[in-house]
Amino acid sequence: MRLVTRPDLDGLACALMLSDYEPIDEIALVHPQEITDKTFAVQPGDVLANLPYHPACGMWFDHRLLTESNEKPPPDFHGRWREAPSAAQLVWEHYGKDERWTELVHETNRFDAAELSEDDVLRPQGYVLLGFTLDPSTGLGNDEPYFQQCLEWLRQRPLDEVLVEELVRDRIIRMFEQNEDFCWTLAQCSRLAGNVVFTDFRQIKETPAGNRFLIYTLFPEANVSVLARWGYDPATVMIRVGHSIFNRSCKTRIGELMSRYGGGGHVGAGSAPVPIMEADSTIVEIIDRLREDG
Ligand SMILES: [Mn+2]
């Protein structure tokens, strides 16, 4: 049985639990947009977790908004869906809330719902720290083998022992080193428009990488961020929008907003790939909407 998930901390927690309960012998890692765009072939019987629904799958666990851009599950699908802090929370509930996973699920919930303190962003520890090393937007590279390796380790030993593995430590060190540069680049490429901070990485050839919450420590006045960078598909610009995790007053449901542009997401964060020629007008539209909503 194959598990299809997203290579972040939520995906890792789902994989850890599901491979304990189901005969999972293969894991495929994909971005949610690949399910939305149907560019990834979901096979009959696949278990989908932490990704939008796909009609071919045998089982599905997810917590994102059900929006126009994705297919809706039938009422009797196998698995669990709800607006929840993480997909891991739903997997955990589905299999009876085993105590072995309590801390994992609690910390994954905090990380995936971005219920983080400034300390969690600047001096992360435990699962939150591991989460940042896994986060593709942190930009440490080589994410898929790293995900598979972390999964393997967490099956065998406690988190403390995994965090001191050389491969993990190397990523932690690189992450702290790059944060300083990243803050400087963020400050150069961002401007405040009312309650919105807009960061434009299109002017930079290679998209700089770093902790995706640092923007909110730099612009505490903003309650929402808009980021534009070159898409994985070179004909598009990826627009990512997220509520500030410190100033939680933004009223826009981001997943619904982004689904209008062919993307999707959660209440607090989402993204959409936009054709290059439409990017500027779309960005203006999104910023206007976020300013109107307050
Ligand atoms: Mn998730």
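Throughout this description, residue numbers start from 1 for each chain and increase along the sequence as written. Reporting in this predicted model follows two pLDDT cut-offs: at least 70 for local features of residues, and 80 or more for side-chain atom pairs to be given and counted; totals over whole chains, interfaces and linings ignore these cut-offs and use all residues. Hydrogens and water molecules were not included; the side-chain quantities draw on all heavy atoms of the structure.

(A) A look at the coordination of the manganese ion. The protein atoms that coordinate the manganese ion are Asp-10 (OD), Asn-50 (OD1), His-63 (NE2) and Asp-112 (OD), at distances spanning 2.1 to 2.3 Å. Read N to C, the donor residues that coordinate the manganese ion are spaced as D-x39-N-x12-H-x48-D. A residue pair is termed long-range when its members are at least 10 positions apart, and Asn-50 in the loop between β3 (47-49) and β4 (59-62) and Asp-112 in helix α4 (residues 102-112) qualify at 62 residues. Residue class for Asn-50 comes out buried when judged on its relative accessible area of 2%. Sites may look incomplete, because water is not among the atoms used; the donor set itself consists of N, O and S atoms within 2.8 Å of the metal (3.2 Å for Na, K and Ca). Helix numbering and strand numbering both begin at the N terminus, where a helix is a DSSP run of H or I of at least 4 residues and a strand a DSSP run of E of at least 2. Only protein chains enter the area calculation, which uses a 1.4 Å probe; residues under 20% of their type maximum are buried, those over 50% are exposed, and those in between are partly exposed.

(B) Spatial organisation of the sheet that holds strand β2 (residues 26-29). Overall, parallel pairing links the 5 strands, which are arranged β2-β1-β3-β4-β5 in an open sheet. The open sheet is flanked by β2 and β5 (79-81), the only strands paired with a single partner. Pairwise comparison of adjacent strand axes, ignoring direction, gives a mean angle of 20° for this sheet. Pairing between two strands requires that DSSP report at least two bridges joining them. The pairing of strand β1 (residues 2-5) with β2 spans 4 bridges and is classified as parallel. Across the sheet, the residue bridging to Leu-3 is Ile-27, located in β2. In this description, a line fitted to the C-alpha atoms serves as the axis of each element, helices being fitted only across the stretch in contact, and the angle between N-to-C directions of two axes falls anywhere from 0 to 180 degrees.

(C) Quick look at the nonpolar core. To form a nonpolar core, buried Ala, Val, Leu, Ile, Met, Phe, Trp, Tyr and Cys residues must be joined to one another through side-chain atoms within 4.5 Å. Grouped together as the largest cluster of nonpolar side chains are 60 residues, with contacts concentrated most on Leu-12, Leu-18 and Leu-130. Examining the composition of this core, we find that 8 residues originate from one element, helix α1 (residues 9-21), more than from any other. Each domain's limits were defined by an automated method or a database of domain assignments. Structurally, this core is a two-domain feature, drawing no fewer than three residues from each of domain 1 (1-111) and domain 2 (184-293). Between two residues, a contact is recorded if the distance between any of their heavy atoms is within 4.5 Å. Not counting the four nearest positions on each side in its chain, Leu-18 is found in contact with Leu-3, Ile-24, Val-47, Ala-49, Phe-61, Val-91 and Tyr-95. Judged by nonpolar contacts, the second largest core, of 21 residues, contains Val-224, Cys-250, Tyr-261 and Ile-286.

(D) How the structure looks around the pairing of strand β6 (residues 190-193). As judged from the 4 bridges shared by β6 and strand β7 (residues 196-200), these two strands associate in the antiparallel manner. When the sheet's bridge partners are listed, Ala-193 is paired in β7 with Val-196. Following β6, the chain reverses through 2 residues before pairing antiparallel with β7; Gly-194 in that reversal takes a positive phi of roughly 65°.

(E) Structural view of helix α3 (residues 87-94). Of all the 8 residues making up α3, 7 are buried; the element is thus mostly covered by neighbouring parts of the structure. Burial in α3 covers these residues: Ala-87, Ala-88, Gln-89, Leu-90, Val-91, Trp-92 and Glu-93. The elements touched by buried residues of α3 are α1, β4, β5 and α4. Any N or O atom pair separated by 3.5 Å or less is treated as a polar contact, with the protein-specific requirement of one donor-capable and one acceptor-capable atom, and with residues adjacent in sequence counted only for side-chain atom pairs. The opening residue of α3 is Ser-86, an N-cap whose side-chain oxygen sits 3.3 Å from the backbone nitrogen of Ala-88. Within two residues after α3, Gly-96 carries a phi angle of roughly 90°, on the positive side.

(F) View of the sheet that holds β6. Spatially, β6-β7-β8-β9-β11-β10 is the arrangement adopted by the 6 strands of the open sheet, whose pairing is mixed. Of all strands in the sheet, those bounded by a partner on one side alone are β6 and β10 (264-265). As defined by bridge partners, strand β8 (residues 224-230) adjoins strand β9 (residues 236-243) across 7 bridges and the pair is classed as antiparallel. When the bridges of β9 are listed, Arg-229 appears paired with Met-238. Packing against the sheet, helix α9 (residues 166-189) makes contact with β6 and β7, and its axis sits at approximately 50° to β6.

(G) Examining the packing of aromatic side chains more closely. Two rings from Phe, Tyr or Trp (for Trp, the six-membered ring) form a pair when their centres are within 6.5 Å of each other. A pair whose planes differ by under 30 degrees is stacked, one over 60 is edge-to-face, and the rest are tilted. If you walk through the whole model with that rule in mind, you get 7 aromatic pairs. Ring geometry for Phe-132 and Phe-213: centres 6.0 Å apart, planes at 75°, overall edge-to-face. A residue pair is termed long-range when its members are at least 10 positions apart, and Phe-132 in helix α6 (residues 126-134) and Phe-213 in the loop between β7 and α10 (214-218) qualify at 81 residues. Its relative accessible area of 0% is what places Phe-132 among the buried residues. Linked through ring pairs, Tyr-21, Phe-61 and Tyr-95 together constitute an aromatic cluster. We call a charge positioned above a ring when the Lys NZ or Arg CZ atom is no farther than 6 Å from the ring centre and deviates by at most 35 degrees from the ring normal. Note that Arg-229 overlies the ring of Tyr-232, its terminal NZ or CZ placed 4.8 Å from the centroid.

(H) Quick look at the domain arrangement of the protein chain. On domain assignment, one finds that the protein chain holds domain 1 (1-111) and domain 2 (184-293). Between the C-alpha centres of domain 1 and domain 2 the distance comes to 25 Å. Contact residues are listed per partner, giving 10 residues for domain 1 and 13 residues for domain 2. Salt bridges, as used here, are contacts in which a Lys or Arg side-chain nitrogen is within 4 Å of a carboxyl oxygen on Asp or Glu. Counting across the interface, domain 1 meets domain 2 through 1 salt bridge. Between Glu-83 and Arg-253 there is a salt bridge; the shortest N-O distance is 3.4 Å.

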